[in-house]
Amino acid sequence: MNTIINKQSAQAFTIKKGDILTVIDPLGQQVSDMVVFNSLDHNEKLSSGKSLDFEASILLTTGNYLWSNRSNKMMKIIEDTNGRNDFLLAPCSQETFTIMYNHKGEHPSCLNNLYQNLKPYGITKDQIPTAFNIFMNVQFNTEGKITVCPPTSQAGDYIKFRADMDLLICLTACSAEDSNGGSFKPIHYNIEHHH
């Protein structure tokens, strides 16, 4: 049974070591920012730098691990039907829309949605790491110039993770226009327990 994350929102939950998390793009071209913490010690969290280093790639997909700031494996990607994810860019924030979109006033953002949903677990905004941006299509040229392109994910594409420790996870349905092909859509997920 899939749980629905409504457009421009987020949900936090815990899973146990061995559980399988599947994140689904039900309509296509929708990014989900995922942040991960050790549920027993929130100071251990997802690390883009460690993951890119130990996996020796900036593009992570099936077979790759997501690593923590303490150099421990947090999750393994066991299936990825789309295959394009981003681990370079931080979650969009209010400032993203002011600086990059010249947007005036409030705008929903992944950072705020992550924070609001993680706050009940005692996580502060400054504790939120660079997210693993599921389905996000960030292209770069040989000079290193970055372009955010519409996701290549189609309706029903999914990615499956196996938890390698007890985890606190927060998933978003991303709120940045450019990241999602110009429209905001929901994200679905489900958890299978394997103990």
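A brief report on the enclosed structure follows.

The rules behind each value
- Residues numbered from 1 in each chain as written.
- Predicted model: local features only at pLDDT ≥ 70, side-chain atom pairs only at ≥ 80, totals over all residues.
- Heavy atoms only, no water.
- Helix = DSSP H or I, 4+ residues; strand = E, 2+ residues; numbered from the N terminus.
- Buried < 20%, exposed > 50% of the residue type's maximum accessible area, 1.4 Å probe, protein only.
- Contact = heavy atoms within 4.5 Å.
- Areas by Shrake-Rupley, 256 points an atom, 1.4 Å probe, with all protein chains shown as cover.
- Lys, Arg positive; Asp, Glu negative; His and termini not counted.
- Charge placed at Lys NZ, Arg CZ, Asp CG, Glu CD.
- Pairing = 2+ DSSP bridges.
- Axes fitted to C-alpha atoms, helices over the stretch in contact; angles between N-to-C directions.
- Disulfide = S-S within 2.5 Å.
- Salt bridge = Lys/Arg side-chain N within 4 Å of Asp/Glu carboxyl O.
- Polar contact = N/O pair within 3.5 Å; in protein donor to acceptor, adjacent residues only side chain to side chain.
- Core = buried A, V, L, I, M, F, W, Y, C linked by side-chain atoms within 4.5 Å.
- Phe/Tyr/Trp six-rings, centres within 6.5 Å; stacked < 30°, edge-to-face > 60°.
- Lys NZ or Arg CZ within 6 Å of the ring centre and 35° of its normal.

As for the overall build of the protein chain
So, point 1. The number of helices and strands found in the protein chain is three helices and 13 strands.
So, point 2. Along the three orthogonal principal directions, the C-alpha set of the protein chain runs to about 45 × 40 × 35 Å.
So, point 3. When the 195 residues of the protein chain are sorted by exposure, 49% land in the buried category.
So, point 4. Restricting to contacts in the protein chain with at least 6 residues of sequence separation, those with at least 24 account for 76%.
So, point 5. Split by element, the accessible area of the protein chain, about 8,800 Å² in all, is 50% carbon and sulfur.
So, point 6. Positive and negative side-chain charges of the protein chain, numbering 16 and 20 respectively, have mean locations separated by a distance of 3 Å.

Here's the deal with the sheet that holds strand β11 (residues 157-163)
So, point 1. If you walk across this open sheet you meet the six strands as β1-β13-β3-β11-β7-β6, and the pairing is antiparallel. Pairing within the sheet leaves two strands with one partner each, and these edge strands are β1 (3-5) and β6 (65-67). Strand-to-strand twist in this sheet, taken as the mean axis angle between neighbours without regard to direction, amounts to 25°.
So, point 2. The sheet contact formed by strand β3 (residues 20-25) and strand β13 (residues 187-192) spans five bridges and is antiparallel. Bridge pairing in β13 links Ile24 to His188.

Some remarks on the pairing of β13
So, point 1. Alignment of β1 against β13, held across three bridges, turns out to be antiparallel. Bridge pairing links Ile5 to Ile187 in β13.

Here we look at the state of the cysteines
So, point 1. All chains considered together, the criterion is met by zero disulfides.
So, point 2. As a non-bridged cysteine, Cys92 has Cys110 as the owner of its nearest cysteine sulfur, 3.9 Å distant.
So, point 3. Left unpaired, Cys170 is separated from the closest cysteine sulfur, that of Cys110, by 9.3 Å.
So, point 4. A relative accessible area of 0% means that Cys170 is categorised as buried.

Examining the side chain of Asp86
So, point 1. Its place among the elements puts Asp86 in the loop between β7 (73-80) and α2 (94-99).
So, point 2. For the buried Asp86, which has no salt bridge, the nearest side chain bearing the opposite charge is Arg84, at an N-O separation of 7.3 Å.
So, point 3. At 3.0 Å, the side chain of Asp86 and the backbone nitrogen of Leu88 are in polar contact.
So, point 4. In this view, Asp86 contacts Ala131, Phe132, Asn133, Met136 and Val138; residues no more than four positions away in its chain are not counted.

Things to note about the nonpolar core
So, point 1. Residues Leu21, Met34, Met75, Phe132, Phe161 and Ile169 are the most contacted members of the largest nonpolar core, which totals 28 residues.
So, point 2. When contributions to this core are tallied by element, the ones reaching two or more residues are β2 (10-15), β3, β4 (32-38), β7, β8 (132-134), β11, β12 (167-172) and β13.
So, point 3. In this structure Phe161 touches Asp19, Ile20, Leu21, Val23, Met34, Leu66, Met75, Lys76, Ile77, Ile78, Phe132 and Ile134, once residues within four positions along its chain are discounted.
So, point 4. Listed in part, the 12 residues of the second largest apolar core include Leu111, Ile123, Ala131 and Cys170.

Some points on the packing of aromatic side chains
So, point 1. One pass over the structure, following the stated rule, counts five aromatic pairs.
So, point 2. Ring centres 6.1 Å apart and planes at 85° place the aromatic pair Phe132 and Phe161 in the edge-to-face group. Separated by 29 residues along the polypeptide, Phe132 in strand β8 and Phe161 in strand β11 bring together distant segments of the chain.
So, point 3. One aromatic cluster in this structure is built from Phe87, Phe132 and Phe161.
So, point 4. In this structure, Lys73 is placed above the aromatic ring of Tyr65, and the distance from its NZ or CZ to the ring centre is 4.0 Å.

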